[in-house]
Amino acid sequence: MKHFVLYLIAAATAILGLSACTDQDMVDYKTYPAHEQLGNWQSYSTNDESLAFNVGLSLNAEGDTVCHVSIIDVESGMAFAHVTTNCVYDPQCGMTTANFDNSAFGRPMRVYMSRLHNGEMQVQVCLVLATSSGESLSRIVYGNADATKGFRIDGSEWVTTDEQVYFFFDNESDQCLYRFGADEQIATYAFDFTTGEGTVTLDDGSVITLGVNSNNQLVATIGGVAYTLQRVI
């Protein structure tokens with residue numbers, strides 16, 4: 001399976017930096033976790049200095065693995081958020097493959113996340129192109145990423161399972177659309193993805209605190225009550 005994945009990538013673009021699941025790897029490195037490990041990673045080095053990325057793995061209310069990927073335009077700081085539950089983890093080589101039906105680039109997207117034993121992640125973000133023989137891949141960005149406690153929320157949408165609490169965090173400003181029951185307003189938010197902590201300030205000056213729980217889900221504490229949110233985009 002891994003060799004097939006590498007063949008697809010090589011067919012679209014020269015591959016650099018992707019961890020290969022080979023016999024030599026198994027000799028040189030320790031074994032990988034048997035199951036998917038949750039976490040977040042922010043790129044510190046990419047092939048294209050105009051782009052960065054933030055990737056994360058969490059669980060939803062049904063216990064499914066959720067992969068969320070933000071592609072970031074470095075100059076503007078704007079983040080383009082993507083989310084999917086179509087994730088497969090290969091414990092033989094520590095790689096997660098995530099497929100996105102749609103992307104901000106107008107085509108399906110595939111992300112390869114290869115774990116390194118220093119806690120970093122090697123990531124490749126590719127567009128999936130339909131061909132007469134099946135598909136080919138065109139790489140958008142690749143590079144290495146450091147682990148962080150939180151994830152990028154700008155450009156993303158969140159809701160509780162009962163739809164009582166809803167947030168949409170703008171990716172061009174510090175404003176968000178906030179809804180609690182029938183009450184809806186534009187609020188101001190701040191969130192530090194390196195610590196996984198933030199706030200939402202409402203019109204009346206009251207503050208909602210934001211954090212990340214053990215399942216790597218966003219939690220909003222409103223009036224002393226913690227609400228776990230599911231990511232929509």
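Within every chain, residues take consecutive numbers counted from 1 along the sequence as written. Given that the model is predicted, a residue must reach a pLDDT of at least 70 before its local features are reported, and side-chain atom pairs must reach 80 or more before they are shown or counted; all residues, however, enter totals for whole chains, interfaces and linings. Each side-chain value is worked out from all heavy atoms of the structure, with water and hydrogens disregarded.

Draft legend 1. Structural detail: the packing of aromatic side chains. When two rings of Phe, Tyr or Trp (its six-membered ring) have centres within 6.5 Å they constitute a pair, described as stacked for plane angles under 30 degrees, edge-to-face for angles over 60, and tilted for the intermediate range. On inspection of all chains with the given rule, the structure shows six aromatic pairs. With centroids separated by 5.6 Å and ring planes inclined at 20 degrees, the aromatic side chains of Phe151 and Trp158 adopt a geometry described as stacked. One exposure class covers both Phe151 and Trp158, and it is buried. Through successive ring pairs, a cluster of aromatic residues spans Phe167, Phe169, Tyr178 and Tyr189. Remark: a charge is flagged as sitting over a ring if the NZ atom of Lys or the CZ atom of Arg is within 6 Å of the ring centre and within 35 degrees of the ring normal. In this arrangement the basic side chain of Arg179 is found over the ring face of Tyr166, its NZ or CZ atom lying 4.4 Å from the centre. Partly exposed residues are those whose accessible area sits between 20% and 50% of the maximum for their type, while under 20% is buried and over 50% is exposed, using a 1.4 Å probe and protein chains only.

Draft legend 2. Examining the pairing of strand E7 (residues 109–115) more closely. Where helices and strands are cited, they refer to DSSP runs of H or I of at least four residues and of E of at least two residues respectively, numbered from the N terminus. Summarising burial for E7: seven of the seven residues are buried, a large majority. Neither face of E7 is open: one carries Met109, Val111, Met113 and Arg115, the other Arg110, Tyr112 and Ser114, and all of them are buried. Relative to E7, strand E6 (residues 95–100) runs antiparallel, the two being bridged by six bridges. Among the inter-strand pairings, Met95 is bridged to a residue of E7, identified as Ser114. Where E7 meets strand E8 (residues 121–131), seven bridges bridge the pair, whose relative direction is antiparallel. Of the residues in E8, the one forming a bridge with Ser114 is Gln122. In sequence, E7 turns back onto E8 through a hairpin of five residues, with Gly119 there showing a positive phi of about 90 degrees. A pair of strands is treated as paired once DSSP finds two or more bridges between them.

Draft legend 3. A look at the nonpolar core. Cys67, Val111, Met113, Val123 and Val125 are the most contacted members of the largest nonpolar core, which has 21 residues in total. Elements with a minimum of two residues in this core: strand E2 (51–59), strand E3 (65–73), E6, E7, E8 and strand E9 (134–148). The next biggest cluster of nonpolar side chains, apart from the first, holds 20 residues, and it includes Ile153, Tyr178, Ile208 and Leu229. Only buried residues count toward a nonpolar core, which is a set of Ala, Val, Leu, Ile, Met, Phe, Trp, Tyr and Cys residues joined through side-chain atoms within 4.5 Å.

Draft legend 4. Summary view of the pattern of salt bridges. We define a salt bridge as a contact between a side-chain nitrogen of Lys or Arg and a carboxyl oxygen of Asp or Glu at a distance within 4 Å. Enumeration over the complete set of coordinates arrives at four salt bridges. Close ionic contact of Asp154 with Arg152 constitutes a salt bridge, the shortest N to O distance being 2.6 Å. In terms of burial, Asp154 and Arg152 fall into one category: buried. Between Arg179 and Glu184 there is a salt bridge, with the nearest N and O atoms lying 3.5 Å from each other. For Arg179, a relative accessible area of 26% gives the class partly exposed. Taking relative accessible area as the criterion, Glu184 reaches 45% and is therefore assigned partly exposed.

Draft legend 5. Up close: unusual backbone geometry. The residue Glu163 is not glycine, and still its phi comes out positive at about 65 degrees. Glu163 gets classed as exposed once you look at its relative accessible area, which sits at 59%. A positive phi angle, near 60 degrees, is found at Asn216, a position not held by glycine. Locating Asn216 in the fold gives a position in the loop between strand E15 (207–212) and strand E16 (218–222). Overall, Asn216 belongs to the buried group, its relative accessible area being 6%.

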